[in-house]
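Summary of the model geometry
Spelled out, the chains give:
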Amino acid sequence: MNRFLSRRALFAWILGASCALGAMGAHAAEEPADAFIKRVSSDILDAIKADKTIHTGDVNKITTLVDQRVMPNVNFLRMTASAVGPGWRQATPEQQKRLQEEFKILLVRTYSGALGQVSDQTIAVKPLRAAADDKEVLVRTEVRGKGDPIQLDYRVEKAADGSWKVYNMNVMGIWLVENYKTQFAQEINTKGVDGLIASLADRNKANARAGK
Amino acid sequence: MTQALQRWPVYVALVVVAAMSTGCATGPNANPKDPLEPMNRSVSRFNDSLDENVLKPVATTYKDSTPELLQKGVRNVFNNLSDIWSTVNNGLQLKGRDTAESLMRSVVNTVFGIYGIFDVATEIGLERHPEDFGQTLGAWGVPNGPYVVLPFFGPSTVRDTAGMPVDTSADYVRNLDHIPTRNSAMALRVVEKRADLLGASGLLSEAAIDKYSFTRDAYLQYRRNQIYDGNPPDEDELVDPSAEPAVPSSK
């Protein structure tokens, strides 16, 4: 019943969080969305496999990896804004910046401890069902390792410069943004935007202490 | 079989009583998917403390002190038993190919995998298609009903709870005649499941601001995805507030 919490689902979340974030650098202008995901996922996987310190859960190393290889391939503004929901428009630019920062720390911190579990997994990208000129595409993949394959899907959008950016992902059917929406709305309704920022910051501090 | 079916009214009564006792406790902020939230939250607290004090320590010991290979064998045996029930449920959902594959898996693993200790079927490319009776009901259009957190069992919905007695009655382990064997096997299965979740449960409390609603939303999304076999139709389109000009208000 709780397979969505299983250890292997956890890999997928980690892979997803990291791959969502992708590899830095050259992308062909007309690269199809599935090729984009495949390239970024493989780069991230290789980087994790190559660096032993990531396996020990070195948060600084992982943050660097995320900043260099993942963030350039993600529309994190859109991710945060849609997770925050209607409350986003009440937030000042400064609050919006803080929300993005804290949300990012939360995601990075959460997954970093478990990155050591990445071993022999590979990503298989499923055939794309999209028209050539679609601006938003669903890319479906599977993480294959030991045991059952794990579903890992991405929503990607075409940015103004023609590159693809990930703006949502799901592991075994659980969409990341949707899963934060209710909690974020709850916080904003009771404590306002600053309350949400404070809750995120508190959670991050608690996680940092626990990780020491 | 009959024993399990006799427990049915207990489940129903539990849910009904819970619904009535908390029906008026829900405020205007109630989530429409979770009208029983106040009760669910207290059951979650009960489950969490039971887990923290009993189940998690036992599962941690099991994971740390049992050889990896043995753990894998144990997991495979229980998976093999559940594949047999998945075959029936795939059949009830008229999924021809998945039924055939699940059946083949059980046969291959029972015979060549020595009662399922080795998962030969996966090696030869037969994938698992886990299905339970709650999913079968869902596939035939029975709605979720409200989210329910069951004592001991954890996240569920009214529909899935209604499906549980059927799953139970077909459960090979529960129907073992030798009672000590049955009880040991059931306990081992619980410990094995929990051990499998050790890494993820830590993540859950780190990733969530509100662990309860995070778990609930994940469970509901996960079940919906299972019922549609990984291909659910889009729900309402996600709004992207950042796409519109952000108008900071001094609210």
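Residues numbered from 1 in each chain as written. Chains lettered and ligands numbered in written order. Predicted model: local features only at pLDDT ≥ 70, side-chain atom pairs only at ≥ 80, totals over all residues.

For the rest of this paragraph, the subject is the overall build of chain B. When helices and strands are tallied, chain B shows ten helices and two strands. The linear arrangement of helices and strands in chain B, starting from the amino end, is α-α-α-α-α-α-β-β-α-α-α-α. By residue count, 33% of the 251 residues in chain B fall in the buried class. Excluding contacts between residues fewer than 6 apart, the proportion of contacts in chain B whose partners are at least 24 apart in sequence is 59%. (Helix = DSSP H or I, 4+ residues; strand = E, 2+ residues; numbered from the N terminus. Buried ≥ 20, exposed ≤ 12 C-beta atoms within 10 Å, placed from the backbone. Contact = placed C-beta atoms within 7 Å.)

Residues and elements named next belong to chain A. If you look at the biggest cluster of nonpolar residues, it comprises 61 residues, and the most contacted ones within it are Ala 33 and Val 156. For this core, the leading source of residues is helix H7 (residues 176-211), giving nine residues. Leaving out residues up to four positions away in the same chain, Val 156 has contacts with Ala 33, Phe 36, Val 137, Val 139, Trp 164, Lys 165, Val 166 and Tyr 167. (Core = buried A, V, L, I, M, F, W, Y, C linked by C-beta atoms within 7 Å.)

Look at A:Met172: it is not a glycine, yet its phi comes out positive at around 50 degrees. One non-glycine residue, B:Asp229, lies in positive phi territory at about 50 degrees. Within the fold, B:Asp229 resides in the segment after helix H10 (211-227). Look at B:Asp229 and you get partly exposed, because 16 C-beta atoms sit within 10 Å.

Moving on, we get to the environment of A:Trp164. Residue and element names in this part refer to chain A. Tracing the chain through its elements places Trp 164 in strand E4 (residues 164-171). It is 6.7 Å that separates the C-alpha atoms of Trp 164 and Ala 33, two residues lying 131 residues apart in sequence. Contact partners of Trp 164, with chain neighbours within four places excluded, come to Ala 33, Phe 36, Val 156 and Lys 158.

Here the focus is the confidence of the model for chain B. Residue and element names in this part refer to chain B. The predicted model of chain B has a mean per-residue pLDDT of 85, with 84% of residues at 70 or higher. Per-residue pLDDT, averaged within each element of chain B, yields its smallest value for helix H1 (residues 2-23) (53) and its largest for strand E1 (residues 147-150) (96). Under a pLDDT of 50 for its full length, residues 245-251 has, in the predicted model, eight contacts with residues more than four places off or in other chains. Here the predicted complex scores 0.81 on pTM and 0.79 on ipTM. (pLDDT = per-residue confidence, 0-100.)

Helices that pack against each other are described as a pair by the angle of their axes relative to one another and the distance between those axes. Residues and elements named next belong to chain A. Running from N to C, helix H2 (residues 33-50) and helix H4 (residues 59-70) cross one another at 155 degrees; their axes reach a closest spacing of 11 Å. Classified by the angle their axes make, H2 and H4 are roughly antiparallel. The two elements H2 and H4 cross, and the hand of that crossing is right-handed. Where H2 abuts H4, its residues Asp 43, Ile 44 and Ala 47 lie against Leu 65, Arg 69 and Val 70. Broken down by class, the residue content of the contact of H2 with H4 amounts to four nonpolar, no polar and two charged. (Axes fitted to C-alpha atoms, helices over the stretch in contact; angles between N-to-C directions. Parallel < 35°, antiparallel > 145°, perpendicular 65-115°, else oblique. Left-handed = near helix turned anticlockwise from the far one by under 90°. Nonpolar A, V, L, I, M, F, W, Y, C, P; charged D, E, K, R; others polar.)

Attention now moves to the sheet that holds strand E2 (residues 136-144) of chain A. All names here are of chain A. Pairing is antiparallel in the open sheet, where five strands are placed in the order E1-E2-E3-E4-E5. Unpaired on one side and paired on the other, strand E1 (122-125) and strand E5 (174-175) mark the two borders of the sheet. Looking at chain direction, E1 and E2 are connected through four bridges and run antiparallel. Each residue of the ladder has a partner; that of Ala 124, found in E2, is Glu 142. This element, H2, spans E1, E2, strand E3 (150-158) and E4 of the sheet and lies at about 180 degrees to E1. (Pairing = 2+ DSSP bridges.)

Turning to the environment of A:Asn189, a few remarks are in order. Looking at where A:Asn189 falls in the secondary structure, it is placed in helix H7. In this structure, the C-alpha to C-alpha distance between A:Asn189 and A:Gly87, residues 102 residues apart in sequence, is 8.6 Å.

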